[in-house]
Amino acid sequence: MPATAADPSPIAGPSAVTGGIGGLLRSGRASRGLVTILGATILLFLVSLVAQPDSLSRSSLQGMLPFAAVLAVIALGQTLVVQQAGIDLSVPGTVSLAVVLVTHVPDGDSGKLLPAVLLALLAGLLAGLLNGLVVSRLGMPAIVTSLGTNALLYAVVLGVSGGSPTSTTDAMRTIATGALLGLPHAVWFAALLTAGTGFLVKRSVAGRRFEAVGDNPVAAGLAGLRVKRHQLAAYVWASLLYTVAGILLAGIVTTPSAFQGDSQLLPSVAAVVLGGTSLLGGKGSAVASVVAALFLSQLNQLVLTLGVNPATGNIVQALALAAGVAIYTIDWPAVRARLRRGRPRSAVA
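These notes cover the structure that comes with them. The model shown is predicted, which means the values in this text are computed figures rather than measured ones. Numbering of residues begins from 1 in every chain and follows the order in which that chain's sequence is written. Totals for whole chains, interfaces and linings use all residues, but because this is a predicted model, local features are given only for residues with pLDDT of at least 70 and pairs of side-chain atoms are given and counted only at 80 or more. Computation of side-chain values: all heavy atoms of the structure, hydrogens and water removed.

### Some words on a positive patch on the surface
Residues Arg-137, Arg-226, Lys-228 and Arg-229 make up a contiguous surface patch of positive charge. Helical segments are the DSSP runs of H or I of at least four residues, strand segments are the runs of E of at least two, and each set is numbered from the N terminus. Tracing the backbone shows Arg-137 in helix α5 (residues 113-138). Put simply, a patch holds well-exposed residues, over 30% relative accessible area, that have no salt bridge, with like charges counted together within 9 Å and Val, Leu, Ile, Met, Phe, Trp or Tyr side chains within 5 Å. All accessible-area figures derive from a Shrake-Rupley calculation using a 1.4 Å probe, and residue coverage is judged against the displayed protein chains alone. By definition here, a salt bridge exists when the distance from a side-chain nitrogen of Lys or Arg to a carboxyl oxygen of Asp or Glu is within 4 Å. Here Asp and Glu are counted as negative and Lys and Arg as positive; His is not counted, and neither are the chain ends. A single reference atom marks each charge: NZ on Lys, CZ on Arg, CG on Asp, CD on Glu.

### Here we look at unusual backbone geometry
Of note in this structure, Ala-85 is not a glycine but carries a positive phi near 60 degrees. Counting through the fold element by element, Ala-85 comes out in the loop between α3 (58-83) and α4 (91-104). A positive phi is found at Leu-181, a non-glycine position, where the angle reads about 55 degrees. Tracing the backbone through its elements, the reader meets Leu-181 in the loop between β1 (179-180) and β2 (183-184).

### Re the nonpolar core
Throughout, nonpolar core names a set of buried Ala, Val, Leu, Ile, Met, Phe, Trp, Tyr and Cys residues whose side chains join them through atoms within 4.5 Å. Buried, partly exposed and exposed residues are distinguished by accessible area as a fraction of the type maximum, computed with a 1.4 Å probe on protein chains only: under 20%, between the cut-offs, and over 50%, respectively. One finds Val-102 and Leu-296 to be the most contacted residues of the largest nonpolar core, which totals 72 residues. Sort the elements by how many residues they give to this core and α3 lands first, with 13 residues. Residue contacts are counted whenever heavy atoms from the two residues lie within 4.5 Å of one another. For Val-102, the residues in contact, after removing those within four places along its chain, are Leu-113, Ala-116, Val-117, Ala-120, Ile-247 and Ala-250.

### Remarks on α3
When the terminal C-alpha atoms of α3 are compared, their 36 Å separation across 26 residues agrees well with the 38 Å that a helix rising 1.5 Å per residue should span. Counting buried positions over the 26 residues of α3 gives 20, a clear majority of the element. Ala-85, located one to two residues past α3, shows a positive phi value of around 60 degrees. Take the number of residues in a helix, subtract one, and multiply by 1.5 Å to get its expected span.

### Here's the deal with the packing of α3 against helix α11 (residues 227-252)
Interaxial angle, 0 to 180 degrees, is taken between N-to-C directions of lines fitted to C-alpha atoms, where a helix line uses only the stretch in contact. The geometry of α3 relative to α11 is characterised by a closest axis approach of 7 Å and an angle of 170 degrees between their N-to-C directions. One element, α3, and the other, α11, form an angle in the roughly antiparallel class. Of α11, the residues touching α3 (which contributes Pro-66, Phe-67, Val-70, Val-73, Ile-74, Leu-76, Gly-77, Gln-78, Leu-80 and Val-81) are Ala-234, Tyr-235, Trp-237, Ala-238, Leu-241, Tyr-242, Ala-245, Leu-248, Leu-249 and Ile-252. In terms of residue class, the contact of α3 with α11 is made up of 18 nonpolar, two polar and no charged. Orientation is classified from the angle alone, with under 35 degrees giving roughly parallel, over 145 giving roughly antiparallel, 65 to 115 giving roughly perpendicular, and any other angle giving oblique. Charged residues are taken to be Asp, Glu, Lys and Arg, nonpolar residues to be Ala, Val, Leu, Ile, Met, Phe, Trp, Tyr, Cys and Pro, and polar residues to be all remaining types, Gly included.

Note that every value here comes from positions in space, so none of it alone points to a role or purpose.
Right, dumping it as structure tokens:
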């Protein structure tokens, strides 16, 4: 049936499609998620200062920031996937494989670190290609695909490491934990990757097309955008970012476990949600996801400094994730209006 002026369909014709895509491509204002998570992070640091000042001591911050940087890099990758209406459950396997390759392959020899890093990046590239091709070309759900890829990656992890930890090399430790201008190198890596990712997504034509595809793949396809190529790119770049995070993590932890990535999945999703990226795809903010990673890391630091059971940290992260979903998905004005309608009216004299 041809579309009419009164047709409520979101695809009313080529001009409407190109106009909608053009409007999305031209928009570049600060997101609601970035403003919200910035405010929440500032409030958290103020609460930490009052409730437990030790959580903001120099030693605490120096211990927290490298792990926050690792989570920030992982959250960047997860943001790209979520922007394409997917979710990547292969984060633990990708991070763990990177950790294992840059520790077991050199086996303490810093001279073998560069080949190990290149091998880890190649493995991450292949994992991203596998996820992206199956999701974009075969149409498999992202959850099922990435879960299967994660199992495959863990099989490789066990094959390389046998499940046993190995100490990192001196060179890797220096690269990850050394300091520049008072900040750990890992923080600078995260800052550069955030700036690069944010610029490409928000300021480049390809990045704005990427957002348009995630917002409405059908309309984007009708407008001439290559939907499958952008979906594939999301998984490939995300996997490479997870790999970089795993490499950094291998330098931060002196003797990392072969399953070091296990604890990264829930925080990565929570950071994306708290940063305001819709789980249905579309616009997202790399900076907001990184700030959310800092928020979660400081929240965990506060919980640990207060002497609470470490297992409580997972509960706190789950509650933060639920709060993020509630903030950004529930139509609160409609809820308030419904509650007002449900109040009994006072009797008229």
